[in-house]
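# Commentary on secondary and tertiary structure
Residue-level listing of the chains:
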Amino acid sequence: MIHEIFPVGPLQCNCSVIGDDTSREAIVIDPGDDIEQVVALIKKHNLQVKQIVITHAHIDHVGGAMKLRAATGAPILLNQNDYALLKMLDVQAAWIGVPTPGKVEVDQNLRHADTINTGSLQAQVLHTPGHTEGSICLYFPAQQKLIAGDTLFAGSIGRTDLPGGSYEKILRSIHDRVLALPNETVVVPGHGPLTTIGEERDNNPFLQK
Ligand SMILES: [Zn+2]
């Protein structure tokens, strides 16, 4: 599996390009910004993007989605519980002082337990509300890899003080759905360094009993 992770935009959101070595089909997750860089990587690996997956509708994760859709023709996938947040991109742009990316259209709703197939790659959708109502994580069981969005970070969890956030819900999502995964699972958070489920289960201060 090809997997490039690189921080994009002023808030350094971790964008992932995940490709199948054989079919060259790929998923891009959270193209928040710097779409020229995303497109250059796609070309470098000779990939064809089949899905653009958004872990949640915060501007730093979704801001470049329409540009990438225009460049690749791939559909944009987001959980419907974040559609309301997506309509507030101008407000979000004002919060962090960046230009508004304009309107983002969703092509497909991502539901809990949906499977995404890209070439021989398979990913499962985990609906993990808390950071936002429509936050999802994407789990690749064969590769033991989790793209966690802003639900879980190395040593921390997503903030819950923005509209749609709930501290109670994020803890329930992490305990019930994220920590249900094997300890060896590599976690790619929405920001910052990688970690593992085992490391966070044992040492994340927000997850201790
Ligand atoms: Zn966020």
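A brief report on the enclosed structure follows. (Residues numbered from 1 in each chain as written. Predicted model: local features only at pLDDT ≥ 70, side-chain atom pairs only at ≥ 80, totals over all residues. Heavy atoms only, no water.)

### Quick look at the coordination of the zinc ion
To keep it simple, the criterion reads: Donor selection uses N, O and S atoms within 2.8 Å of the metal (3.2 Å for Na, K and Ca). Since no water is included, sites may look incomplete. When four donors show all angles between 85 and 135 degrees the site is tetrahedral, when four or six donors have opposite pairs over 155 degrees and all other angles between 65 and 115 it is square planar or octahedral respectively, and in every other case it is irregular. Strands are runs of DSSP state E lasting at least 2 residues, helices are runs of H or I lasting at least 4, and numbering of each runs from the N terminus. Remark: exposure states derive from per-residue accessible area (1.4 Å probe, protein chains only) relative to the maximum for the residue type, with buried under 20%, exposed over 50%, and partly exposed in between.
Around the zinc ion, the protein supplies H56 (NE2), H58 (ND1), H131 (NE2) and D150 (OD) as donor atoms, at distances of 2.2 to 2.4 Å. Because the angles between the four donor atoms bound to the zinc ion fall within 84 to 172°, the donor set is best described as irregular. Counting residues between consecutive donors of the zinc ion along the chain gives the motif H-x1-H-x72-H-x18-D. Remark: D150 occurs in the loop between β10 (145-149) and β11 (152-153) and H56 occurs in the loop between β4 (48-53) and α2 (59-62); sequence separation between them is 94 residues. Take H56: its relative accessible area is 0%, and that puts it in the buried class.

### Some details on the side chain of T132
Under the convention used in this document: Two N or O atoms form a polar contact when they lie within 3.5 Å of each other; inside protein one atom must be a possible hydrogen donor and the other a possible acceptor, and for residues adjacent in sequence the pair counts only when both atoms belong to side chains. We call two residues contacting when some pair of their heavy atoms lies within 4.5 Å.
Within the secondary structure layout, T132 lies in the loop between β8 (121-127) and β9 (136-140). Only 2.8 Å separates the side chain of T132 from the side chain of S135, close enough to count as a polar contact. Excluding anything up to four places from it in sequence, T132 contacts H56, H58, D82, L85 and G164.

### Comments concerning the pairing of strand β3 (residues 25-29)
So the rule is basically this: Note on pairing: two strands pair once DSSP finds at least 2 bridges between them.
Extensive coverage of β3 is indicated by the burial of five of its five residues. Residues E25, I27 and I29 point to one face of β3 and A26 and V28 to the other, with burial holding for every one of them. Where strand β2 (residues 13-19) lies against β3, four bridges are found, and the strand directions are antiparallel. Across the sheet, residue I18 finds its bridge partner in β3, namely I27.

### Quick notes on helix α6 (residues 167-178)
Just so we agree on the cut-off: Expected span of a helix, by definition, is 1.5 Å for each gap between consecutive residues, and there is one gap fewer than residues. Working definition: the arc comes from the directions between the helix axis and the C-beta atoms, pointing outward to the latter.
Under the 1.5 Å per step criterion, the end-to-end length of α6 is 15 Å for twelve residues, consistent within 8% with the ideal 16 Å. Every buried residue belonging to α6 is among I170, L171, S173, I174 and V178, and all of these are buried. Along the axis of α6, the buried residues cluster in a sector spanning 160°; they form a single face. Exposed residues lying more than 90 degrees from the buried face of α6 are E168 and D176.

### Some details on the sheet that holds β4
As a reminder, the rule being used: Each axis is a line fitted through C-alpha atoms, and for a helix only the stretch in contact is used; angles between axes span 0 to 180 degrees, taken between their N-to-C directions.
Overall, mixed pairing links the six strands, which are arranged β1-β2-β3-β4-β5-β6 in an open sheet. Whereas interior strands pair on both sides, the edge strands pair on one side only; in this sheet they are β1 (2-8) and β6 (108-109). Taken strand by strand, helix α1 (residues 35-44) contacts β1, β2, β3 and β4, and its axis lies near 165° from that of β1. Running at roughly 155° to β4, helix α3 (residues 65-72) makes contact with β3, β4 and β5 (76-78) of the sheet.

### A closer look at the sheet that holds β10
Here we have six strands laid out as an open sheet, ordered β7-β8-β9-β10-β13-β14, and mixed in their pairing. Only two strands of the sheet have a single neighbouring strand rather than two, namely β7 (115-118) and β14 (195-196). Strand direction decides the pairing type here: strand β13 (residues 186-189) and β14, joined by two bridges, are antiparallel. Each bridged residue has a counterpart across the sheet, and for V187 the counterpart in β14 is T195.

### Description of the packing of α1 against α3
Selection rule: Handedness of each helix crossing follows the sense of rotation of the near helix against the far helix: counterclockwise by less than a right angle gives left-handed, clockwise gives right-handed. Gly is put with the polar residues, along with every residue not named as nonpolar or charged; the nonpolar set is Ala, Val, Leu, Ile, Met, Phe, Trp, Tyr, Cys and Pro, and the charged set is Asp, Glu, Lys and Arg.
With their axes 10 Å apart at the nearest point, α1 and α3 run at an angle of 35° to one another. Note that α1 runs across α3; the crossing there is right-handed. Contacts from I35, E36, V38, V39 and I42 in α1 reach K67, L68, A71 and T72 in α3. In terms of residue class, the contact of α1 with α3 is made up of six nonpolar, one polar and two charged.

### Quick word on the nonpolar core
Let me state the cut-off plainly: The term nonpolar core refers to a set of buried residues drawn from Ala, Val, Leu, Ile, Met, Phe, Trp, Tyr and Cys, joined through side-chain atoms within 4.5 Å.
Counting residues in each nonpolar core, the largest one holds 29 residues, and the members touching the most others are V28 and V38. A per-element tally of this core places α1 first, with four residues. Those residues in contact with V28 that lie beyond four places of it in its chain are C15, S16, V17, V38, I42, V49, Q51, I52, V53 and L68. Counting 16 residues, the second largest nonpolar core, distinct from the first, contains C137, L146, I170 and I174.

Note that every value here comes from positions in space, so none of it alone points to a role or purpose.
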